[in-house]
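Take a look at the letters that make up each chain.
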Amino acid sequence: SPPCPLFPPGAAMPGPPCGSLLDYKTAKFSVTRNRRVGLLHRLLSALGYLLGWVLLLRKGYQERDAAPRVAVVTKVKGAVAAEAAGRRLWDAADLTWPPQGENVVFLVTHFTATTQQVQGTCPESPSVLDGMCTEDADCPMGSPVVHGNGIKTGKCLMFNATHSTCEIYGWCPVEDDTLPRKPLLAEAENFTVFIKNTVHFTKFNFSRCNTLQTTDPSYFKSCTYDPVFNPFCPVFRVRDMVEAAGKNFGDLALLGGIIRVLIEWNCDLDHPATQCQPQYSFRLQDTMYNFSSDGCSERSSRDGRFASVASQMTLSWVGVWISWRAGSPAEGSGWIHGPVLGSEQHCGML
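What you are looking at is a predicted structure, and each value in this text was computed from that prediction instead of being measured.

Draft legend 1. Representation of the pairing of strand 6 (residues 104-123). Bridge count between strand 5 (residues 96-97) and strand 6: two bridges; the pairing is antiparallel. Bridge pairing in strand 6 places W97 opposite F106. With six bridges joining them, strand 6 and strand 8 (residues 164-172) adopt antiparallel strand pairing. Following the sheet pairing, C122 is matched in strand 8 by I168.

Draft legend 2. Structural view of the state of the cysteines. In total, this model carries five disulfides according to the counting rule given. Across a sulfur-sulfur distance of 2.0 Å, C133 and C156 are joined as a disulfide pair. Linking C133 and C156, the disulfide has an S-S dihedral of approximately 90 degrees and is accordingly described as right-handed. Separated by 23 residues along the polypeptide, C133 in the loop between strand 6 and strand 7 (150-158) and C156 in strand 7 bring together distant segments of the chain. Here C139 is linked by a disulfide to C166, with a sulfur-sulfur distance of 2.0 Å. Disulfide C139-C166: the torsion about the S-S bond is -80 degrees, which places it as left-handed. With C139 in the loop between strand 6 and strand 7 and C166 in strand 8, this pair connects stretches of sequence that are 27 residues apart. According to the relative accessible area criterion, C166 is buried, its value standing at 0%.

Draft legend 3. Spatial organisation of the environment of C166. Linking C166 and D138, residues 28 residues apart in sequence, is a C-alpha distance of 7.7 Å. Setting aside anything within four residues of it in sequence, one finds C166 in contact with C122, P123, E124, G131, M132, C133, D138, C139, K152, K155 and C156.

Draft legend 4. How the structure looks around the packing of aromatic side chains. A complete count under the given rule lists nine aromatic pairs for this structure. Relative to W317, the ring of F111 lies with its centre 5.5 Å away and its plane at 50 degrees, an arrangement referred to as tilted. Remark: W317 occurs in strand 15 (residues 309-326) and F111 occurs in strand 6; sequence separation between them is 206 residues. Like F111, the residue W317 is buried in the burial classification. Between the aromatic rings of Y219 and F220, the centroid separation amounts to 5.2 Å while the plane-to-plane angle is 70 degrees, which identifies the pairing as edge-to-face. In this pair, the class of Y219 matches that of F220, namely buried.

Draft legend 5. Seen up close, the nonpolar core. Core analysis: the largest hydrophobic core is formed by 47 residues, its most contacted members being W90, L95 and F191. For this core, the element with the highest residue contribution is strand 15, accounting for eight residues. Discounting residues that sit within four places of it in the chain, L95 has contacts with V80, W90, F106, L107, V108, L185, F191 and W317.

Draft legend 6. A look at the pairing of strand 9 (residues 192-201). In terms of residue burial, strand 9 counts as a mostly covered element, since seven of its ten residues are buried. When strand 2 (residues 69-77) meets strand 9, the two strands line up antiparallel, connected through nine bridges. Across the sheet, residue T74 finds its bridge partner in strand 9, namely I195. By the bridge criterion, four bridges tie strand 9 to strand 10 (residues 206-209) in an arrangement that is antiparallel. Residue pairing in the sheet places H200 in a bridge with S207 of strand 10. Hairpin connection from strand 9 to strand 10: four residues lie between these consecutive antiparallel strands, with N205 at a positive phi of about 50 degrees.

Draft legend 7. Seen up close, the side chain of N210. In this fold, N210 is placed in the loop between strand 10 and helix 3 (219-222). Within the structure, N210 has its side chain in polar contact with the backbone oxygen of I195 (distance 2.9 Å). Here Y280 takes part through its side chain, which lies 3.1 Å from a polar atom of the side chain of N210. Those residues within four positions of N210 in sequence are excluded, and the remaining contacts are I195, K196, N197, F232, P234, W265, P278 and Y280.

Draft legend 8. Local environment of the confidence of the model for the protein. Per-chain confidence: the protein averages 77 in pLDDT, with 73% of residues scoring 70 or above. Every residue in residues 289-296 scores below 50 in pLDDT, and together they form 18 contacts with partners more than four places removed in sequence or on other chains. Across residues 333-350 the pLDDT falls below 50, and counting only partners more than four positions away or on other chains, this stretch makes 46 contacts in the model.

Rules and cut-offs
Residues numbered from 1 in each chain as written. Predicted model: local features only at pLDDT ≥ 70, side-chain atom pairs only at ≥ 80, totals over all residues. Heavy atoms only, no water. Pairing = 2+ DSSP bridges. Helix = DSSP H or I, 4+ residues; strand = E, 2+ residues; numbered from the N terminus. Disulfide = S-S within 2.5 Å. Buried < 20%, exposed > 50% of the residue type's maximum accessible area, 1.4 Å probe, protein only. Contact = heavy atoms within 4.5 Å. Phe/Tyr/Trp six-rings, centres within 6.5 Å; stacked < 30°, edge-to-face > 60°. Core = buried A, V, L, I, M, F, W, Y, C linked by side-chain atoms within 4.5 Å. Polar contact = N/O pair within 3.5 Å; in protein donor to acceptor, adjacent residues only side chain to side chain. pLDDT = per-residue confidence, 0-100.

Below is the structure:
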């Protein structure tokens, strides 16, 4: 049989069998034996590479400062009222550690309170595995309860109708770490964090600050950061930061978590100094799905007196860790913008 279908009589004559599969193509070159034209061609190619790629696109004439000096100072402000452990007002001094610090701050959003604790004997909590027992032999006297609240007395007691635990000597009653299903400090979403960031590129002797240069002393007390309408205000509302990280504040307030604030300085010093501005981004680093997990909870106690006996109140805190990292390499040339190099900017405080 033929390699390709035959055309009926009277039809147009086809090309070679199987179309263009057997065609062969080659390029044709023209060589001009002229040294001037050749030299001009090579010079234009090299010049186009240097100007177009190396200088304009890759900016090969610039230097990069890979280790700028960065300083970050924060201040948290806000207040919220809560009904737990008696109605009282909680402010930034109560709910943040440290209230003014660097690199990280812990903001309380939820807590439990065990009040009127006195030193004595009581059953260990059923949530402590080493405190569970079925008989007195399971509670050797003098042994501390692993991850527990005191020292075993040698007795096994009924904690409730379903659990028996070792009697301990410690602060009684033992801490109740059962969290309400609704965050007690949900209004902490309206707390604000003032982030003052200064960056100094030592290679270029160039400094910038993330605060707006203004003579209005009330500006920082009334502004709130907005990436579109107010990008130069360094005062951030906690709820806005959580939402920018892709999380609902109500969920994070109940479980706890870690928010990372990234302050990126990507400055090209060939441009005016005013164009060297920070870019902010927010990321959710971690969430706590179990109250007993480490990382997003804290505990503290407050001393007092109850019925003329020394007592304490134990508080178990759940909250949001807010950490930040600032800095980025800057590029610049020492000969294009000489007046820019060596300039400084002084930051204001809230």
